[in-house]
Amino acid sequence: MQNRKEVKRTSNGQFGWLYKVLRTVFFLTKVLCQEKCVEPLPAVQAYLPVGYLRFCVDRVALKDWSPILNSIAKNRSLSKICVYSRSRWKKVREKVNTEEKLEKLWRCKGNDRVWPVFYTNFLVRCLVDSIAVSTRDSSTLTSIILDGIPLASKYLNILCSGLNNNEKLMNLSLTQCLIGDVGCDLLLGSLRNNPKIRVLNLSSCRLSNRSAACLSVFLKRRKADVLQNVWDQFSLQSYEENSEKMPQGLHTLILNRNPKLGDHGVRQLMCALKADVWLRSLSLRHCGITKHGAEIVIKLLQTNNVITKLDLTENHIPINTLQTILRITKRRRDVAEAMVLKKRFRVDRRRNASENDIRGSTKKDEKCFLNRTERFGKYSLHKCRRRRRTQKKAKPTKETRSIKDEDSYRRKKLCDLESQLLNLIESNCKLKEELRGNETLLNEEAEQRTRMEDDLQKASLRLNDLRSKVIMLNCLSTKACGESRLLKGLKYVFDKLESFSISKQNGLEENDILDNAEPLWSSPLAHQRGDCFASCTHCPTLKIVTL
């Protein structure tokens, strides 16, 4: 009985806030489910005792949506909301904008429903509206995670209206929400008045250079606002006491799977992060960054000493630059961990010192009551013992001195050897790095050579084809020239025959005609045949063809 009473007292005393949270959450869910004559879902109730609402949109039926939406809007004790979707169907039915149309569509589909009920205009708008109401009115909500839910500009405006008046949100994640550049601008405009936001996740949201520029402007304004609040609210004396209440900037920024950012967007972000003091982890995985963007990031790391985590994987960056970035971030992590350990050690030491002071004050009071005679007796005994020790100690001999000198000489040699070994190890590490770099260069050169050889083979094949074509064209041209000459000779013969026929018709005799006619060897046809035969014998193209 006593143990039960003690448990009740502790529940109403130290853990009273937790008891109230659980009571309100379960009460709301039960009441709202009883109104709709529906049993509460076990997946939704699993995390409610911790003040955490987490469920998958694809597995919720139409009858279960109204109590869930009402509980999100009316509940003021939730600390975290996580709504996610894993369905491939991401297209929202915009025409289904009322409850009657939604019920009609649900009845028409029947058992052949492949797509989830959620992807309609009515349900998406109601869910975003309930989340906006809870963010606006709740004082305990610190985290909102929406994964795989398509948020167009009209839905994002509703969410931003709730974020405008919230000053306690610390984590906001909109992965795979497809907000685009316009949505990013709206979201950052709604987060200007929130001084406690620390984690911002906008991965796979179709962001480009424009959203990178908006992020850089947001970070600069946030830095100016935070510094102004620091000077206005806190003094130098109360900084250590109120370090936890100090307004802080953005700690983690995640922009994974936005391939349109590129090097230009990275440059705009790095210009804003050069003088930033709060950002510690930056993730730019699969963002279309090349070697030029990686060099910009290395320049940022040389000026900014706060960033300890940087993810640039799945980009078009060579291995050497990635290794340099990893080394820099690893060193910074080690330094940060050492600083944290030192701080903890100092705090523990102060606590122990305060406890020891309280205990030591009582002991000092007891020691003050000791008699002076006892103290003088102890002091005299201590002096006598010292004298006896000095008498026993003899002067060091030559052998002992030589042994000590040899030991010191050996120690010096060992130290020199250790330093030489360390130098050799460092030089070996540098040589290994150089060899790795040379191997990559050799591999690149070998690839280039193979490519050049392939190109040369292709070019040689093309040249051979062209050569054969040129040879055929020359042969055809020579044949055409011979045929044209033959035609001219035949024309000449026909003209002579016509002249003979005309002369016969005029009454001339055959002997007179033959005497006046030219011989055949003097005709241009004979000359053309001789020239053609000579040109064909001396033509190299015909020789090649015959071969």
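All figures in this text were calculated on a predicted structure; none of them were measured in a lab.

As for the state of the cysteines
Counting across every chain of the model gives zero disulfides. Of all cysteine sulfurs in the structure, the one in C177 sits closest to C205, which takes part in no disulfide; the separation is 5.7 Å. Residue C205 is classed as buried on the basis of its relative accessible area, which comes to 0%.

Re the side chain of N201
Relative to the elements of secondary structure, N201 occurs in strand β5 (residues 199-201). Taking the relative accessible area as the measure of exposure, N201 reaches 12% and is therefore buried. In this view, N201 contacts L172, S173, L174, T175 and I254; residues no more than four positions away in its chain are not counted.

Comments concerning the sheet that holds strand β4 (residues 171-173)
If you trace the eight strands from one edge of the open sheet to the other, you get β1-β2-β3-β4-β5-β6-β7-β8, paired in parallel fashion. The open sheet has two free edges, formed respectively by β1 (52-56) and β8 (309-311), since each of these has just one partner strand. With direction set aside, neighbouring strand axes in the sheet form an average angle of 5°.

Considering a nonpolar patch on the surface
A surface patch of nonpolar side chains, amounting to about 400 Å² of accessible area, comprises L421, L422, L424 and I425. As for its position among the elements, L422 is in helix α14 (residues 398-506). For L422, a relative accessible area of 52% translates into the label exposed.

A closer look at the nonpolar core
If you look at the biggest cluster of nonpolar residues, it comprises 80 residues, and the most contacted ones within it are L146, L151, L202 and M270. In contact with L146, other than residues within four places in its own chain, are V83, I131, L151, L159, S173, L174, T175 and C177. Grouped together as the second largest cluster of nonpolar side chains are five residues, Y52, C82, Y84 and I145 included.

Remarks on a positive patch on the surface
Together, R280, K342, K343, R346 and R350 give the surface a local cluster of positive charge. Tracing the chain through its elements places K343 in helix α12 (residues 319-368). What makes K343 exposed here is its relative accessible area of 55%.

A few points about the UniProt feature "coiled-coil region" (unreviewed entry) in the protein chain
As recorded in UniProt, the sites labelled "coiled-coil region" (unreviewed entry) are residues 442-469. Helix makes up 100% of residues 442-469 and strand makes up 0%, while its end C-alpha atoms are separated by 40 Å.

A closer look at the side chain of R332
For R332, the position within the fold is in helix α12. Nearest to the buried, unbridged R332 among oppositely charged side chains is D276, at 11 Å. Those residues in contact with R332 that lie beyond four places of it in its chain are L301, Q302, N304, N305, V306, I307 and T308.

Things to note about helix α7 (residues 153-163)
Of the residues making up α7, those classed as buried are Y155, L156, L159, C160, G162 and L163. For α7, the arc enclosing every buried residue in end-on projection is 155°, short of the 170-degree limit, so these residues lie on one face. Buried residues belonging to α7 abut α6 (121-137), β3 (143-147), β4 and α8 (180-190).

A look at unusual backbone geometry
Positive phi is not limited to glycine here, since S204 has a value of about 50°. Even without glycine at this site, R206 takes up a positive phi of about 60°. In this structure, R206 sits in the loop between β5 and α9 (209-233). What makes R206 exposed here is its relative accessible area of 60%.

Regarding the packing of aromatic side chains
Geometry of an aromatic ring pair is reported as the spacing of the ring centres plus the angle between the planes. Per the counting criterion, the structure on display carries three aromatic pairs. Measuring from centroid to centroid gives 6.1 Å for F55 and W65, while their planes differ by 75°, and the two rings are edge-to-face. Here the residue F55 occupies a position in strand β1, and W65 occupies one in helix α4 (residues 65-74), the gap between them amounting to ten residues. We classify F55 as buried; its relative accessible area is 3%. We classify W65 as buried; its relative accessible area is 1%. With centroids separated by 5.4 Å and ring planes inclined at 25°, the aromatic side chains of W65 and F118 adopt a geometry described as stacked. Of this pair, W65 sits in helix α4 while F118 sits in the loop between α5 (99-109) and α6, and the two are 53 residues apart along the sequence. Directly above the aromatic system of Y52 lies the positively charged group of K80, at a separation of 4.8 Å from the ring centroid.

The rules we used
- Residues numbered from 1 in each chain as written.
- Predicted model: local features only at pLDDT ≥ 70, side-chain atom pairs only at ≥ 80, totals over all residues.
- Heavy atoms only, no water.
- Disulfide = S-S within 2.5 Å.
- Buried < 20%, exposed > 50% of the residue type's maximum accessible area, 1.4 Å probe, protein only.
- Helix = DSSP H or I, 4+ residues; strand = E, 2+ residues; numbered from the N terminus.
- Contact = heavy atoms within 4.5 Å.
- Pairing = 2+ DSSP bridges.
- Axes fitted to C-alpha atoms, helices over the stretch in contact; angles between N-to-C directions.
- Patch = residues over 30% accessible without salt bridge, like charges linked within 9 Å, V, L, I, M, F, W, Y side chains within 5 Å.
- Areas by Shrake-Rupley, 256 points an atom, 1.4 Å probe, with all protein chains shown as cover.
- Salt bridge = Lys/Arg side-chain N within 4 Å of Asp/Glu carboxyl O.
- Core = buried A, V, L, I, M, F, W, Y, C linked by side-chain atoms within 4.5 Å.
- Lys, Arg positive; Asp, Glu negative; His and termini not counted.
- Charge placed at Lys NZ, Arg CZ, Asp CG, Glu CD.
- UniProt positions renumbered as here; feature names shortened; annotations may be inferred.
- Arc of directions from axis to C-beta.
- Phe/Tyr/Trp six-rings, centres within 6.5 Å; stacked < 30°, edge-to-face > 60°.
- Lys NZ or Arg CZ within 6 Å of the ring centre and 35° of its normal.

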